[in-house]
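These are the residues of each chain, in order.
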Protein chains: 2
Amino acid sequence: MKLEKAASQLEALGNPTRLQLYRILVRAGDDGLAVGSVQGKLDIPSSTLSHHLKRLVDTGLVTQERQATTLICRANYPGMNALIGYLADECCADAACAPAAGKALA
Amino acid sequence: MKLEKAASQLEALGNPTRLQLYRILVRAGDDGLAVGSVQGKLDIPSSTLSHHLKRLVDTGLVTQERQATTLICRANYPGMNALIGYLADECCADAACAPAAGKALA
DNA sequence: CCCAAATTTCGAAAAATATGGAAATACGAA
DNA sequence: TTCGTATTTCCATATTTTTCGAAATTTGGG
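Residues numbered from 1 in each chain as written. Chains lettered and ligands numbered in written order. Predicted model: local features only at pLDDT ≥ 70, side-chain atom pairs only at ≥ 80, totals over all residues. Heavy atoms only, no water.

To continue, consider helix α2 (residues 16-28) of chain B. Residues and elements named next belong to chain B. With 13 residues, α2 should cover 18 Å at 1.5 Å per step; its first-to-last C-alpha distance of 18 Å lies within 8% of that length. Burial in α2 covers these residues: Arg 18, Leu 19, Leu 21, Tyr 22, Ile 24, Leu 25 and Val 26. A distance of 2.9 Å separates the backbone nitrogen of Thr 17 from a side-chain oxygen at the start of α2, and that oxygen is part of Asn 15. (Helix = DSSP H or I, 4+ residues; strand = E, 2+ residues; numbered from the N terminus. Expected span 1.5 Å × (residues − 1). Buried < 20%, exposed > 50% of the residue type's maximum accessible area, 1.4 Å probe, protein only. Polar contact = N/O pair within 3.5 Å; in protein donor to acceptor, adjacent residues only side chain to side chain.)

What follows is the structure, encoded as C-alpha cells:
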C-alpha cells in the first residue's frame, strides 16, 4: 500500500457523510445495497450521494454492480483490511492492538 | 468512538503530508521528536508544518510535551488503536482481518 | 419506439483546506 | 534584561471540497 493511496482512502472515509454511508454498506453485507436504498437511509439529494459514492468507489473502498436499472453497492472488505493493515503497520507498537481479529459482522 | 470523531481523525490522516508526518512520529517511538527535527525530515515551511501538526494534535492522534524551547511530539498509540478498532468494527466481516496483532515497531 | 425509474453528469456557489511569508510569542541562557 | 532559538499565530491566497438543482443518461418494459 502506497502512502498516496492510503491517504486518499483515509480522506474518503474522513467525511462524516461518507463514513456513515460506508458503514451502511458494511452493515448491508455481501448482499449490498442499491443506491436508492442508501439514499432512503441517508436522506440527501441523489446527486450529492452520487458524488460521495463515486469517491468511495474511486478509492477502492466500495464496489458496484449493475442489476437491471439499479446499481448495487458493496463495501470492499479486502480494501478496508489493506488500509487497516497499513495503519496497524505503523501502530501496534506498544499498547494492546488486537482490533477484533475474529469478528463476525455482515 | 463517535462517528464525528472517527471522521475527523480519518480526515486528519487523509492528507499525504500529514500521513507522512504521522508515520515519522510513529517511527520515532516513545522518545518522540522535536518539531524542528520533523521539519528537517519533511522539508516544508515551519508554519505549514505547525498547521498540520496542530490538526493531528487537535484530533487526538498526536501529543506534545515541552522540553525547554523545543516541543516534543509523539504519536498517540491508544488513539490510533481506538480508530483502528472503530474501523475493524465495521470491517472484519469475512476476509482475513488480523491486523498484525502482535507487532513490535517503535 | 417511447416511457418510467434509477443514477450520473453538468454547472455553479458557498465553504473549507492548504500553503507559506512575516510578525509575534515562548523559553532558556548570558 | 537582552539575545537567539523554537514554534506558533496572523493574514492572505490558491485550490479543493461540498452541496444540490436541473438536465442528461442508462436500462428494461410495454
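Around DNA strand D there are 23 residues in total, and His 51, His 52 and Arg 55 of chain A together with Gly 36 and Leu 71 of chain B lie nearest to it. Each atom of DNA strand D within 4 Å of the protein belongs either to a base or to sugar and phosphate, the latter forming 64%. The side chain of Asn 15 of chain A places a nitrogen or oxygen atom 3.2 Å from a phosphate oxygen of DNA strand D. At the level of secondary structure, the elements contributing two or more residues to the surface near DNA strand D comprise α4 (46-58) of chain A together with α3 (35-42), α4 (46-58) and β3 (70-75) of chain B. Per element, the largest residue contribution to the surface near DNA strand D is 5 residues, and it comes from α4 of chain A. (Near = heavy atom within 4 Å.)

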